[in-house]
Structures are given as structure tokens and as C-alpha cells.
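Residue strings, one per chain:
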Amino acid sequence: MKLIHVLSEALRAMLANPLRTMLTMLGIIIGIASVVLMLAVGDGIKLFIDKQLSVLGSNLVIVQADSRKAVGARLRTGTVQTITLDDAEAINRLPSVKGAAPMLTTYSQISYGNDNTNTQVQGTTPISFAIRNLRLAKGIGLSEVDIASASRVAVLGKKVAEQLFYKNDPIGQTIRIDNQSFQVIGVLDNEGQSFDSGDIGEVVMVPISTARVTLIRTATPRTVQYVVVQSKTTEGLNDMVADIYDLMRDRHRIRAEEPDDFRVVNFGEFAKTGEAIATGLSIALGFVGAVSLVVGGIGIMNIMLVSVTERTREIGIRMAIGARPSDVLWQFLIEAVAICLVSGIIGVALSAGVASAVSSTGKFEMAIGAKAVGIAVVFSCIVGIFFGFYPARRASKLQPVECLRYE
Amino acid sequence: MMDSMIVHSAAGALVEITDVRKSYFSNRVETPVLHGINVTMQRGDFVAVMGQSGSGKSTLMNILGCLDTPTSGAYRLAGVDVGAQSRAELATLRNRTIGFVFQSFNLLKRMSVLDNVALPLIYAGVSRSASRSRAQTQLDKVGLGELASRQPNQLSGGQQQRVAIARALVVDPPLILADEPTGNLDTRTSNDIMALLNELNRERGQSIILVTHEPDIAAHAKRLVRLKDGLVLYDGPAAEGLRQLRTDDNTASASEVSQ
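These notes cover the structure that comes with them. (Residues numbered from 1 in each chain as written. Chains lettered and ligands numbered in written order. Predicted model: local features only at pLDDT ≥ 70, side-chain atom pairs only at ≥ 80, totals over all residues. Heavy atoms only, no water.)

Re the overall build of chain B
Thought 1: A tally of regular secondary structure across chain B gives eight helices and 10 strands.
Thought 2: Rg of the C-alpha trace for chain B: 19 Å, near the compact-globule value of 18 Å for 259 residues, within the 12% margin.
Thought 3: Taken over the C-alpha atoms alone, chain B extends approximately 60 × 40 × 40 Å along its principal axes.
Thought 4: Counting every position in chain B, which comprises 259 residues, the buried fraction comes to 53%.
Thought 5: Here the analysis covers contacts within chain B between residues at least 6 apart in sequence; of these, 70% occur between residues at least 24 apart.
Thought 6: A total of about 11,800 Å² of accessible surface is found on chain B, and carbon and sulfur atoms cover 48% of it.
Thought 7: Mean positive and mean negative side-chain charge positions of chain B (27 and 26 charges, respectively) differ by 7 Å. (Helix = DSSP H or I, 4+ residues; strand = E, 2+ residues; numbered from the N terminus. Rg over C-alpha atoms; globule rule 2.2 N^0.38 Å. Buried < 20%, exposed > 50% of the residue type's maximum accessible area, 1.4 Å probe, protein only. Contact = heavy atoms within 4.5 Å. Areas by Shrake-Rupley, 256 points an atom, 1.4 Å probe, with all protein chains shown as cover. Lys, Arg positive; Asp, Glu negative; His and termini not counted. Charge placed at Lys NZ, Arg CZ, Asp CG, Glu CD.)

A closer look at the side chain of Arg318(A)
Thought 1: Relative to the assigned elements, Arg318(A) resides in helix H10 (residues 312-320).
Thought 2: Look at Arg318(A) and you get buried, because its relative accessible area is 2%.
Thought 3: Setting aside chain neighbours within four positions, we find Arg318(A) in contact with Glu9(A), Ala323(A), Gln331(A), Leu108(B), Met111(B), Leu119(B) and Tyr123(B).

Side note on the packing of aromatic side chains
Thought 1: Tallied over the full model, the rule gives four aromatic pairs over all chains.
Thought 2: Their ring planes at 80 degrees and their centres at 5.0 Å tell us that Phe386(A) and Phe387(A) sit as a pair that is edge-to-face.
Thought 3: Under the relative-accessibility criterion, Phe386(A) is labelled exposed at 59%.
Thought 4: A centroid spacing of 5.5 Å and a plane angle of 5 degrees characterise the contact between Phe100(B) and Phe102(B), whose relative ring orientation is stacked. Grouping residues by exposure puts Phe100(B) and Phe102(B) together as buried. (Phe/Tyr/Trp six-rings, centres within 6.5 Å; stacked < 30°, edge-to-face > 60°.)

Regarding the interface of chain B and chain A
Thought 1: At the interface, 27 residues of chain B touch 29 residues of chain A.
Thought 2: Across the interface of chain B and chain A, roughly 2,500 Å² is buried in total on both sides, 58% from carbon and sulfur atoms.
Thought 3: Three residues stand out in chain B for area buried against chain A, namely Arg87(B), Arg110(B) and Tyr123(B), and they jointly supply 32% of the buried area on that side.
Thought 4: Our enumeration of links across chain B and chain A arrives at one salt bridge.
Thought 5: A salt bridge links Asp115(B) to Arg12(A); its shortest N-O distance comes to 3.7 Å.
Thought 6: Where chain B packs against chain A, one counts eight residue pairs in polar contact (both at pLDDT 80 or more).
Thought 7: For the side of chain B that touches chain A, the leading source of residues is helix H2 (residues 87-97) of chain B, giving six residues.
Thought 8: For the side of chain B that touches chain A, the class distribution of residues is 13 nonpolar, seven polar and seven charged. (Buried area = accessible area lost by both parts, 1.4 Å probe. Salt bridge = Lys/Arg side-chain N within 4 Å of Asp/Glu carboxyl O. Polar contact = N/O pair within 3.5 Å; in protein donor to acceptor, adjacent residues only side chain to side chain. Nonpolar A, V, L, I, M, F, W, Y, C, P; charged D, E, K, R; others polar.)

Some remarks on the packing of helix H3 (residues 113-123) of chain B against helix H5 (residues 157-169) of chain B
Residues and elements named next belong to chain B.
Thought 1: Here H3 crosses H5 at 30 degrees, and the two axes come no closer than 7 Å. Compared by their axis directions, H3 and H5 come out roughly parallel. For the element pair H3 and H5, the recorded crossing hand is right-handed. For the pair H3 and H5, the contacting residues are Val 113, Asn 116, Val 117 and Pro 120 in the first and Val 163, Ala 166 and Arg 167 in the second. (Axes fitted to C-alpha atoms, helices over the stretch in contact; angles between N-to-C directions. Parallel < 35°, antiparallel > 145°, perpendicular 65-115°, else oblique. Left-handed = near helix turned anticlockwise from the far one by under 90°.)

Overview of the sheet that holds strand E1 (residues 15-26) of chain B
Residues and elements named next belong to chain B.
Thought 1: Read across the sheet, four strands follow the order E2-E1-E4-E5 without closing on themselves; strand pairing throughout is antiparallel. Every interior strand has two partners, whereas the edge strands, strand E2 (29-41) and strand E5 (80-81), have only one.
Thought 2: Here strand E4 (residues 72-77) pairs with E5 via two bridges, running antiparallel. Residue pairing in the sheet places Arg 76 in a bridge with Asp 81 of E5.
Thought 3: Against the sheet, helix H1 (residues 57-64) makes contact with E1, E2 and E4, and its axis sits at roughly 120 degrees relative to E1, the strand it touches most. (Pairing = 2+ DSSP bridges.)

Quick look at the sheet that holds strand E9 (residues 223-228) of chain B
Residue and element names in this part refer to chain B.
Thought 1: Pairing in this open sheet of six strands is mixed, and the strands run E6-E7-E8-E3-E9-E10 from one edge to the other. Strands at the two margins of the open sheet, each flanked by one partner only, are strand E6 (98-101) and strand E10 (231-237). The mean angle between the axes of side-by-side strands here comes to 15 degrees, regardless of whether they run parallel or antiparallel.
Thought 2: As paired strands, E6 and strand E7 (residues 175-179) are joined by four bridges and run parallel to one another. Pairing of Ile 98 across the sheet is with Leu 175, part of E7.
Thought 3: Of the strands in this sheet, strand E3 (46-50) and strand E8 (207-211) touch helix H6 (residues 187-204), which is tilted by about 135 degrees from E3.

In C-alpha cells:
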């Protein structure tokens with residue numbers, strides 16, 4: 001008997017009782033969808049983290065002010081601005097540090113002509129371009145001269161430039177930030193989420209000195225909100241963090257028993273946390289998927305056993321006209337596998353729908369890869385063969401005489 | 001009685017049953033059904049098998065159809081020793097050698113008439129398209145060519161039985177085994193079906209074994225084998241056998257009356 005014939009028989013049997021077939025398939029559909037989503041979530045989170053790191057630059061930590069724990073009322077992180085430009089320069093001079101960029105940020109109204117947008121303005125130094133992997137699509141970046149002279153210049157994020165200028169060239173144009181004129185000197189090429197500023201495409205960068213003068217009032221003339229620091233090597237990251245603690249405690253004259261008035265946020269740790277969450281989520285989904293597949297498989301076995309009993313007479317007729325036991329075995333086995341395969345395909349489609357719904361929110365990229373589809377197909381076949389074999393074998397062992405007597 | 005045990009010429013015999021016995025076992029209790037049957041059938045013959053229920057008629061039919069195996073004794077079908085075959089080999093033997101026609105038609109639901117007729121060819125390994133075209137030819141021969149795409153339950157009983165006959169003939173088997181083929185049909189349709197079987201036997205030399213309990217139906221056969229209590233009671237020309245049958249019946253009813 002040819003495979004195509006067995007397949008068409010399987011299809012016919014499935015369509016003979018569509019509701020029952022559909023209900024039987026449900027467990028496998030959920031199982032396969034869970035397994036595929038598990039893989040997609042895992043891949044998506046890895047992709048997310050990689051993207052973060054590439055936007056942000058790797059081996060980065062942020063040094064920011066922390067409310068003194070010794071003080072009675074605890075204030076929100078960053079509100080006690082104890083980090084200064086001098087701290088940033090001192091950190092920059094540490095031998096383990098590649099670069100340290102002081103940051104002052106605020107949200108401001110940006111306008112050009114009749115268009116305006118409200119977005120994050122970052123006051124920073126040229127070092128930040130180097131250590132955060134920032135590339136320029138057009139124009140130039142901030143220079144030390146701009147910092148020294150507090151020039152009114154701005155580098156626009158990609159999306160800001162598109163919002164205000166559409167396809168026109170922004171370079172040399174004058175925009176207004178909080179009603180003060182700035183000349184656009186460059187446009188960033190980067191896009192994607194970064195840990196410290198949201199979407200890097202929606203950021204406007206200005207010299208930190210200019211930001212302090214025009215946009216952001218600070219407690220002292222040298223206060224910064226945080227410092228982005230990059231270590232020279234990945235291996236040296238932890239040593240660098242230790243160096244920064246020693247340096248900062250020394251500079252801030254914190255006694256041994258006193259807590260820090262700053263904290264160091266390690267993005268490597270973030271990535272690790274993200275990976276741990278991804279692993280946890282994958283394990284949970286994988287567990288749901290495995291349970292579903294087993295339960296669904298048992299459902300298939302059950303329905304196939306019912307089907308074998310219901311079709312006893314049919315089996316007898318087939319055997320009488322020349323079906324060998326192996327023909328009967330294949331017929332029922334292929335039927336079980338076909339049910340599982342169709343379920344698998346529906347499961348993949350379902351998970352693709354979920355993935356595209358999640359992706360369309362823009363917060364998280366989820367893609368169903370060929371690997372996931374392959375695994376779904378293999379898993380469905382395995383479930384079909386595993387749970388379909390016993391009923392199929394039982395059908396093949398039936399005696400034609402008894403089958404023909406069966407009413 | 002001894003006459004029935006005469007072994008006919010074995011050379012080229014289509015069916016050759018020698019001292020076949022069959023017992024059923026339940027809870028280790030042996031219930032013998034066939035007590036040593038000897039039947040030989042040449043190609044081209046048309047044999048009716050008669051017997052009351054409990055005579056072993058169905059058991060013999062199952063053995064003849066290679067659906068069941070004898071407890072002892074030998075069965076050669078078209079030169080093949082049936083007893084020595086595996087289950088798979090028996091299936092192939094049935095497929096190539098025997099065309100079944102059942103009382104309840106036994107067509108497969110949810111499958112077109114054409115696909116039903118083509119199914120034995122599919123199991124014989126013939127390609128799908130070749131099977132279908134041969135099935136169509138066979139349907140044309142039994143006069144149902146136009147109903148090929150119908151479902152079996154859309155057909156009348158007589159039509160379904162014709163489809164079953166087409167299915168039995170499609171692999172061109174040496175033997176047709178018809179088990180009460182008219183049992184579920186009215187008299188007129190029964191006559192049509194018997195006329196078709198007769199025609200197959202006369203014009204194509206098709207060998208047929210017909211199991212029935214109706215003398216009128218058995219009268220279409222050339223030869224009659226009567227079973228009683230697991231033994232062959234009569235084996236000879238149908239006309240003579242049926243005359244004896246009537247006499248036996250009259251004697252039986254006469255004895256009932258006299259009691």
C-alpha cells in the first residue's frame with residue numbers, strides 16, 4: 001500500500017468525525033504551541049539582551065547617587081545628587097576604566113517650525129559617544145570644544161530627526177529645546193532600547209555644560225545625575241567596579257562603617273537577570289508543553305482505541321480483501337501521526353499569531369524560527385508514533401473472522 | 001456417506017480439503033465443529049454449500065476463505081498449502097486468490113463506490129490511477145459504471161451487492177466465495193444477483209463457492225455439498241442433491257406428523 005493512499009485514508013478518517021478529531025487535537029495544539037513559544041521567548045529574550053548591549057555598548061556600569069541610608073528619611077534614588085563632574089573625571093582616570101561619561105538628563109519640548117515633540121535630552125560629553133557605541137548617520141558628534149564653550153549644539157536621535165524633519169536634512173538647522181535655540185550638528189544612526197534612556201532613537205544629546213546652563217538646574221554647579229563607565233576588558237569589569245567603590249568612598253570620605261551614598265549598576269548583571277528570567281519562563285512553558293503533549297497523547301491513544309473498536313468490522317473487511325496486518329498497523333499509525341502533525345501545524349500557527357501579537361506591541365521581539373517549526377514537527381511525530389503505536393498494533397492483531405462477526 | 005469422501009483428481013484442483021477438522025476451545029473445553037471434511041473442487045466449478053445452522057457451514061466457509069485455519073487436516077488452495085502460511089501470507093493469498101461476496105455486502109462507508117471496488121488492487125500494490133481505471137471497468141461490467149462516485153449507502157441493496165461482486169472480481173481471482181449473497185435481498189433482486197453469478201460461471205469459467213440455506217438459490221449451482229453435524233452428507237450434482245433434500249425434509253415432517 002502506497003503512502004499517499006494511507007495518507008488519504010487517514011484524512012478521510014479524520015474528517016469523518018471532525019468535532020471529535022478537533023477536540024482530540026486540542027491537547028497537542030496547546031502542547032506544540034507552548035513548546036514553540038518557549039523557544040521563541042528564549043530566543044526573543046536573548047535577542048533583546050544582545051540588542052541592549054549593542055545599543056548601550058558592552059562592559060558598562062552606571063554610577064549614580066544613592067540616598068544615604070544613615071539619614072532618617074530615605075529619598076528616591078538619584079534625588080540626592082552627590083555625583084559630580086570631578087567624580088566622573090576621577091573615575092575616567094582609573095587604569096581599569098576605558099571611559100567615563102557624566103550625564104544630565106531631562107525631558108523637554110523640542111520644536112522645529114510647526115512640529116514639536118517631547119523627548120529625553122541628555123547632557124553629556126564626547127566620551128559617551130565612544131563608550132556607548134553611538135554612530136552618526138549624518139554630521140558630527142559633540143566635541144570637547146562644545147563642552148568647554150557650552151555651545152548650543154545638539155545631536156538628534158534617528159526618530160527625533162524623522163519626526164521633526166521628515167526627509168529633509170536637519171544638519172545646520174536650528175531647533176528649539178525648551179524655547180532655546182540649538183543648532184543641529186549630527187544625527188545618530190543607533191536604534192533600539194537602552195537601559196538608561198529608553199529608545200536611543202528618541203534622544204537628543206547636547207553638551208553637558210550647555211544642558212546645565214539652559215535646561216537642567218542642579219544642586220551645585222558640578223553635580224551630575226549619573227556616570228556611564230566602560231571597563232577596558234570584560235574580565236576586568238568586576239575589578240573595575242571594586243576600584244570605583246574604593247575611589248568613590250575615598251572621594252566622598254565615607255567611613256568604613258557607613259553605607260555608600262552612591263551605587264554602581266552593572267548591566268552585565270541585568271543581562272544575567274534577563275537570561276535567568278528567560279530560562280525560568282522557558283522551563284515553565286516547556287513544562288506546560290510537555291504536560292500538554294503527554295495529556296494530548298493519551299487523548300489520542302484513547303480516541304484511537306475507540307476508533308479501532310468502532311471500526312472492527314471495517315478492519316475485518318479490509319483483512320478479508322487482502323490487507324496484511326502491517327497494512328492495518330500502518331493505517332492506524334499514520335492516522336495518529338497525521339492527527340498529531342496537523343495539530344502541530346495548527347500549534348505553530350497559533351504560536352506565530354501570539355508571537356506577532358507580542359511583537360506588534362513593539363516592546364519585545366518574538367520570532368518563530370525554522371528551528372522551532374522543525375522541533376514542533378518532530379515532537380508531533382514522536383507523540384503520534386508513541387501514543388498511536390499501541391492502538392495500531394492492537395488493530396493489526398485482530399482476527400479477520402472475529403472482526404467480520406462484530407456488529 | 002462414503003461417496004462424499006472420494007477424493008477427486010488432485011491434479012490442478014483449485015480447492016483441495018483433506019480430512020479437515022476444526023474445534024473451538026473455551027475454558028479448555030473442546031467443542032468440535034468439523035469432524036473431517038473432504039472436498040475437492042476443480043476450476044470452473046460452481047458449488048453450493050448447504051447445511052442447517054450448527055452444521056459447520058460457516059466454519060467451513062471461514063476455512064475455505066483463509067480467514068480461519070483448521071485444527072487439523074490439509075487445505076490446498078490453488079496449489080498453496082494454506083496451513084503453512086503466516087498471517088501476512090494469508091492476507092496476500094486472500095487478496096490474489098479469493099473474491100468475497102458477503103450477505104451484508106460489507107462495503108466501506110465514507111468511501112466512494114469506485115474506491116471500494118479499487119481497494120483490493122490498492123492492497124495488491126497496484127497504483128492509485130491504475131486501480132481506479134480497472135475498478136471503473138469492473139463496475140461497467142456489473143452495470144453500475146455510472147454510480148462510481150456515489151457513496152455505498154446511497155445505493156439499493158441489490159446495487160450494493162453488485163458493487164461487492166465487482167470488488168470481488170477486480171483482482172481477477174480464481175475463486176469467488178459468496179456467503180449467503182442473497183440473504184438480505186428480495187426475491188427479484190436475488191434472482192438478478194444469481195443470474196449475474198451464473199453468467200460469470202458460464203461465460204468466464206469463474207469458479208464459485210456459494211453458501212446458502214435456500215434450495216432455490218442452491219439450484220443455480222452445478223454441484224451441491226450438504227453438511228450435517230460437521231460432516232459431508234452429500235456431494236454431487238445439485239439437482240440430485242436438492243431432490244434428496246426435499247425427500248429428507250418430507251420424511252422429517254412426516255415423522256413429526258406421525259409422532
